[in-house]
Amino acid sequence: MVEVLVALCVFSFFVASTGQFFRAFHAMRARERAAAMALVAATGYVEMAVAKPPRCLDTNFVVAREQNVILSVGQTVLPGRVGMLWLSVEATSVPVSLLPGPVRLRRLVYCR
């Protein structure tokens, strides 16, 4: 009887530690997936701005996108250069605690 109780205790400890391992593994996987989705969303917006140039205005705005990613976009017109601006895109995942930090991309683009 004592051997059975010891075996049950060891087995329950093994099950609990394995559950904690898998929970941490899934949390890390969710963090990596959120970072990848944020990078894809930011890159997609930058490529869209390259394909269809934005207006030549200094502005900051927020774009809500699908897949739980929020894009913060900043446009700064370059002085002295007509038709060029700095496009700054910052992508943040909606569960903010999942990402180590937002994804930031900057690119020089033409404007109209």
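Note that the structure is predicted; figures quoted are calculated from it, not measured.

> Got a minute to help me understand the overall build of the protein chain in this structure?
Broken down by element type, the protein chain carries 1 helix and 4 strands. In the protein chain, the succession of helices and strands from N to C terminus is α-β-β-β-β. Relative to the 2.2 N^0.38 estimate, which gives 13 Å for 112 residues, the radius of gyration of the protein chain is 23 Å and therefore markedly larger than a compact globule would have. When its C-alpha atoms are laid out on the principal axes, the protein chain stretches across 85 × 20 × 20 Å.

> Teacher, can you tell me more about the confidence of the model for the protein chain here?
Fine structural detail should not be taken from predicted coordinates in areas where pLDDT scores are low. Residues of the protein chain with pLDDT of at least 70 account for 93%, and the chain-wide mean is 82. Per-element confidence in the protein chain ranges from a low mean pLDDT of 81 for strand 1 (residues 59–64) to a high of 88 for strand 4 (residues 103–110).

> What am I meant to see in the environment of Arg31 here?
You can see Arg31 is positioned in helix 1 (residues 2–51). What makes Arg31 partly exposed here is its relative accessible area of 37%. Residues Arg31 and Leu105, 74 residues apart in the sequence, show an inter-C-alpha distance of 19 Å.

> Even after reading the chapter, I still don't get helix 1, so can you show me in this structure?
With 50 residues, helix 1 should reach 74 Å at 1.5 Å per residue; the first-to-last C-alpha distance of 73 Å fits that figure. Among all positions of helix 1, only Ala34, Ala38, Ala41, Ala42, Tyr45, Val46 and Ala49 are buried. Buried residues belonging to helix 1 abut strand 1, strand 2 (69–77), strand 3 (84–93) and strand 4.

> Explain the pattern of salt bridges here, please?
Pairing of side chains with opposite charge becomes possible as their charged atoms draw close. Counted by the stated rule, this structure contains 2 salt bridges. Across the pair Arg104 and Glu90 runs a salt bridge, and its minimum N-O distance is 3.0 Å. Taken together, the residues span a long stretch of sequence, with Arg104 in strand 4 and Glu90 in strand 3 at a distance of 14 residues.

Calculation criteria
- In every chain, residue numbers begin from 1 and rise along the written sequence.
- Per-residue local features of the predicted model are confined to residues with pLDDT of at least 70, and side-chain atom pairs are confined, for both listing and counting, to 80 or more; whole-chain, interface and lining totals are unaffected and use all residues.
- With hydrogens and water set aside, each side-chain value is computed from the structure's full complement of heavy atoms.
- By definition, any uninterrupted DSSP run of H or I lasting at least four residues is a helix, any uninterrupted run of E lasting at least two residues is a strand, and each is numbered from the N terminus.
- The size measure is the radius of gyration over C-alpha atoms, and the globule rule it meets is 2.2 Å times the number of residues to the 0.38 power.
- The quantity known as pLDDT measures the predictor's confidence residue by residue, on a range of 0 to 100.
- Summary of the burial criterion: residues with accessible area below 20% of their type's maximum are buried, those above 50% are exposed, and those between are partly exposed, where the area comes from a 1.4 Å probe applied to protein chains only.
- A helix is expected to span 1.5 Å multiplied by its residue count minus one.
- By definition in these notes, contact holds between two residues if any of their heavy atoms fall within 4.5 Å.
- Salt bridge, as used here: a side-chain nitrogen of Lys or Arg that lies within 4 Å of a carboxyl oxygen of Asp or Glu.

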